[in-house]
Amino acid sequence: MISQFVYGHPVETYAVVEDVPVLGHEQLRHFTRKKGSPQAFSCPLREEDIVYGLGETMRGINKRGYRYISFNYDDPIHRDDMPSMYGAHNFLVVDGAEPFGAFFDTPAKVVFDVDSKGDGVLTVFCESQDLRLYLVEGKTAYDTARQFLGIIGRSFLPPLWAFGYGQSRWGYKTERDVSRVADKHREAGIPLDYICMDIDYMDRYIDFTVNERRFPDLAGYAARMKERGLRLVPIVDAGIKIEPGNPVYDEGVQKGYFCLNHEGTCYRAEVWPGMTHFPDFLREEVRQWFGDQYKFYTDRGLEGFWNDMNEPAIFSSEYRTQGTEPDLDHGDPDQPERHTADFKDFFHRLDDGREKSNYEVHNLFGGMMTRASGQGLDRLLDKRYLLFSRSSYIGAHRFGGIWTGDNASTWEMLRQNVYHMPSLNMCGFLYSGADTGGFGGNATRELLLRWLAFSAFTPLMRNHTCIHTRHQECYRFRNPEDFKTIVSLRYRLLPYLYSEFMKAALRQDMFIRPLAFDFPEDRKARDIEDQLMVGESVMIAPIVEQGAKGRIVYLPEPMTEVRYSREGFSCTEADAGERTVMVPLNQAVFYIRRGKLIPVGGAASCTAELDLSDVELLGSGDACEQYIDDGFTKDCSLDRCVVHRKKAEA
Ligand code: GLC
């Protein structure tokens, strides 16, 4: 059961796409509302209640015990006490006596105090008086999340190649750099489907350009790479460089497509290309125009993109002095180290005729860039595209995925990646992942191997790192054979993973879930945060500790334990309960639920070589359903599922 409560005159966010009945304010359940600025919604929590959700926020899967702020911000230091990240995902589920979910649909700042004082109170402070509150009442936490996914529309469906392994590094500058990455992977037999092109491919970091000295024939190069089963995935930043003569800039100014400052001229902010203007993504006409610009790339045969700097990130602005040093006058009492006042300095003209400062509608900016790009790519291409963004708001999940930004090469960040995945899934972002191996800092061989063994199960599996860090491509480390084994596991699992992702997306369900969602009656499963369900049949128990030779795994029911090594898969039946599992760095272990079967395929160096229908079946069940398509079609439906049955043993 879902109901909607409308306060004030909310801004259109496009988050919810289904009709939800509007109830009178007096019918609000679970929360008590206190008017004021901010307005506050409070509800009591019992000792044993769990609070799930909030997508891209720090800390565990159970959000209890801390305060989180939805205010999209570019901060590369992902400390445990960081209140907000790049996305605003204002949906949470309270798993108590009567499970319910709440979505605070407002693009302004929201503070979620999830029992931070330990006094059993959840309070949500909404800075804006204008908002829609959606209340979802379910039988279980999982049912509640599923009902929510039902009203926000189907997840973005990437092509099959986007489920391959991707390699990235800020610092690949030329065609030669990129080719070397391709060659080295192929030589070492490490599968690879795409290579990301960071800002250095552009002409002076200007969107929709290419540095022709570095990539003299991008179209020809992209075609040659595609023949090798490899795709190029360029970055696109939010700001358009101020440069008269550049057609995108000129048209944007002439047609009034950029955000304005107090004086009514285009707002100026410094990002990678120097001074830029920000497209007013909140307007339909501007989104159309921006989306059409991707023709520059699709004309050159490119089908995948990552959108960045779209919180938006601002290094300095026309009203703030240079640099990113803390400037308390320009700060925010909640996050004093942040220049949130920049966002009060520029304005959007909404389609409903209102003018709003970016600060008032801040959290929509990145999500609307994704909407613009996704809709543009959908017009430009007759097949599915890859798109993932740094900033996001619920609703953008229908047009692209996200990555979780500038993490670091630490074990803590690997753990955070594990916690993020189910929380993001609850908020619609099925296609997501982190910078595998870590962005900042230097990855060790051990960390990268363990991280890959986890990322093998996340839809976006991309190794990315920052300029000036240690090279982090798999072939740079001792014994690349071990990396080949772990990345190959991903490819051998793709018949299952791709199928389960597509089924989950088409059913508007979660792909990755907390253990407790599948075992709601199991008290122990409720407390476990480092084991996840992936698709209908698989449970994973990633290793996230340095030096660990194995770990303790809890099985809520008897399962098939599958070990993957260079020799392939080996299965043993495991009893319910706790067990200690040893997992060498060049192996991976996962579990198949009782009575389930999963399809796995043969090894491949890229998805183009995969035959999704040529599978072997693992597990104790009798049958399974596999979704199969050509990997590109836009005509996706559950009718494409085929049934496999286990042959009776001779
Ligand atoms: C931002 C992105 C990062 C990228 C860098 C350079 O920090 O989050 O992924 O490598 O910008 O474009």
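Residues numbered from 1 in each chain as written. Predicted model: local features only at pLDDT ≥ 70, side-chain atom pairs only at ≥ 80, totals over all residues. Heavy atoms only, no water.

Asker: What is the right way to read helix H1 (residues 141-152) from this model?
Answerer: Residues spaced three or four apart along an α-helix face the same direction, because each turn holds 3.6 residues. In this model H1 runs 17 Å from its N-terminal to its C-terminal C-alpha over 12 residues, within 8% of the 16 Å that 1.5 Å per residue would give. For H1, a buried count of nine out of 12 residues is recorded, marking the element as mostly surrounded by other parts of the structure. Positive backbone phi, approximately 90 degrees, marks glycine 153, located one or two places after H1. (Helix = DSSP H or I, 4+ residues; strand = E, 2+ residues; numbered from the N terminus. Expected span 1.5 Å × (residues − 1). Buried < 20%, exposed > 50% of the residue type's maximum accessible area, 1.4 Å probe, protein only.)

Asker: Help me out: how do you make sense of the pairing of strand S36 (residues 597-600) in this one?
Answerer: On a regular strand, each side chain points to the face opposite its neighbour's, so the side chains alternate between the two faces of the sheet. The side-chain alternation of S36 yields two buried faces, one formed by Leu597 and Pro599 and the other by Ile598 and Val600. Bridge analysis of S36 against strand S37 (residues 616-619) gives four bridges, and the strand direction is antiparallel. Residue proline 599 lies in a different strand from S37, and its bridge partner there is leucine 617. (Pairing = 2+ DSSP bridges.)

Asker: Whenever I open this one, the pairing of strand S14 (residues 231-237) confuses me. Can you help?
Answerer: S14 sits mainly inside the fold: seven of its seven residues count as buried. With burial as the criterion, each face of S14 is covered, one bearing Arg231, Val233, Ile235 and Asp237 and the other bearing Leu232, Pro234 and Val236. Relative to S14, strand S13 (residues 194-197) runs parallel, the two being bridged by four bridges. Across the sheet, methionine 197 pairs through a bridge with proline 234, a residue of S14.

Asker: Help me understand the nonpolar core in this model?
Answerer: Counting residues in hydrophobic clusters, the biggest one holds 182 residues, and the most contacted among them are Phe290, Phe457 and Phe590. With 15 residues, helix H11 (residues 480-506) is the single largest residue contributor to this core. Contacts of phenylalanine 457, omitting those with residues within four sequence positions, involve Leu489, Arg490, Leu493, Leu497, Phe511, Ile512, Val534, Val538, Ile540 and Phe590. Core analysis: the second largest hydrophobic core is formed by 25 residues, Tyr66, Phe100, Val110 and Val114 among them. (Core = buried A, V, L, I, M, F, W, Y, C linked by side-chain atoms within 4.5 Å. Contact = heavy atoms within 4.5 Å.)

Asker: Sorry, what's going on with empty space enclosed by the protein here?
Answerer: Taking a probe equal in size to a water molecule and rolling it over the atoms shows the remaining empty space. Within the structure shown, the criterion is met by seven cavities of 30 Å³ or more. Of the volumes computed, that of the largest cavity is approximately 180 Å³. Taken together, 16 residues form the lining of the largest cavity, with Ala453, Ala541, Pro542, Ile543 and Val589 sitting closest to its centre. Contributions of two or more residues to the lining of the largest cavity are made by helix H10 (445-455), strand S31 (550-555) and strand S35 (588-593). Broken down by class, the residue content of the lining of the largest cavity amounts to 13 nonpolar, one polar and two charged. (1 Å grid on protein atoms, 1.4 Å probe; cavity = no way out; pocket = protein on both sides within 12 Å on 5 of 7 lines; lining within 4 Å. Points joined across faces, edges and corners; volume = space filled by probe spheres on them. Nonpolar A, V, L, I, M, F, W, Y, C, P; charged D, E, K, R; others polar.)

Asker: It is not clear to me how the sheet that holds strand S19 (residues 316-317) should be interpreted in this structure. Could you clarify?
Answerer: Strand pairing in a sheet relies on backbone hydrogen bonds. The paired strands run either parallel or antiparallel. With antiparallel pairing, four strands are arranged side by side in an open sheet as S15-S17-S16-S19. With partners counted over all chains shown, the strands left at the sheet margins are strand S15 (240-241) and S19, one partner each. Across two bridges, the pairing between S15 and strand S17 (residues 274-277) is antiparallel. Bridge pairing in S17 places isoleucine 240 opposite histidine 277.

Asker: Explanation requested: the side chain of glutamate 473 in the structure shown.
Answerer: Position of glutamate 473 among the secondary structure elements: in the loop between strand S27 (461-463) and H11. Overall, glutamate 473 belongs to the buried group, its relative accessible area being 1%. Among residues more than four places away in sequence, those in contact with glutamate 473 are Gln167, Arg169, Tyr172, His185 and Asn463.

Asker: Explanation requested: helix H9 (residues 411-426) in the structure shown.
Answerer: In a regular helix each residue adds 1.5 Å, so 16 residues correspond to 22 Å; H9 covers 24 Å between its end C-alpha atoms and thus fits that length. Taking the largest bend as the criterion, H9 deviates by roughly 30 degrees, centred on histidine 420, and proline proline 422 comes between one and four positions later. Summarising burial for H9: 14 of the 16 residues are buried, a large majority. Remark: glycine 428 follows H9 within two positions and exhibits a positive phi of approximately 100 degrees. (Bend = angle between axes of the 7 residues up to and from the residue.)

Asker: Before we go on, may I ask you to explain the site of the ligand in this structure?
Answerer: Taken together, 13 residues lie around the ligand, and Asp198, Asp308, Arg390, Asp406 and His464 are the ones closest in. In this structure, an oxygen atom belonging to the ligand sits 2.9 Å away from a side-chain N or O atom of arginine 390. The fraction of the free accessible surface of the ligand (310 Å²) that becomes covered by protein chains is 97%. Classifying every residue of the shell around the ligand by side-chain character gives eight nonpolar, one polar and four charged. (Near = heavy atom within 4 Å. Polar contact = N/O pair within 3.5 Å; in protein donor to acceptor, adjacent residues only side chain to side chain. Areas by Shrake-Rupley, 256 points an atom, 1.4 Å probe, with all protein chains shown as cover.)

Asker: I'm lost on the packing of H10 against H11 in this one. Help?
Answerer: Taken N-terminus to C-terminus, the directions of H10 and H11 make an angle of 15 degrees; their axes are 8 Å apart at the nearest point. Between H10 and H11, the crossing angle belongs to the class labelled roughly parallel. Pair H10 / H11 crosses with left-handed handedness. For the pair H10 and H11, contact is made by Arg445, Leu448, Leu449, Leu452, Ala453 and Ser455 and by Asp482, Phe483, Ile486, Val487 and Arg490, respectively. For the contact of H10 with H11, a count of residues per class yields seven nonpolar, one polar and three charged. (Axes fitted to C-alpha atoms, helices over the stretch in contact; angles between N-to-C directions. Parallel < 35°, antiparallel > 145°, perpendicular 65-115°, else oblique. Left-handed = near helix turned anticlockwise from the far one by under 90°.)

Purely geometric stuff here, so don't read any function into it on its own.
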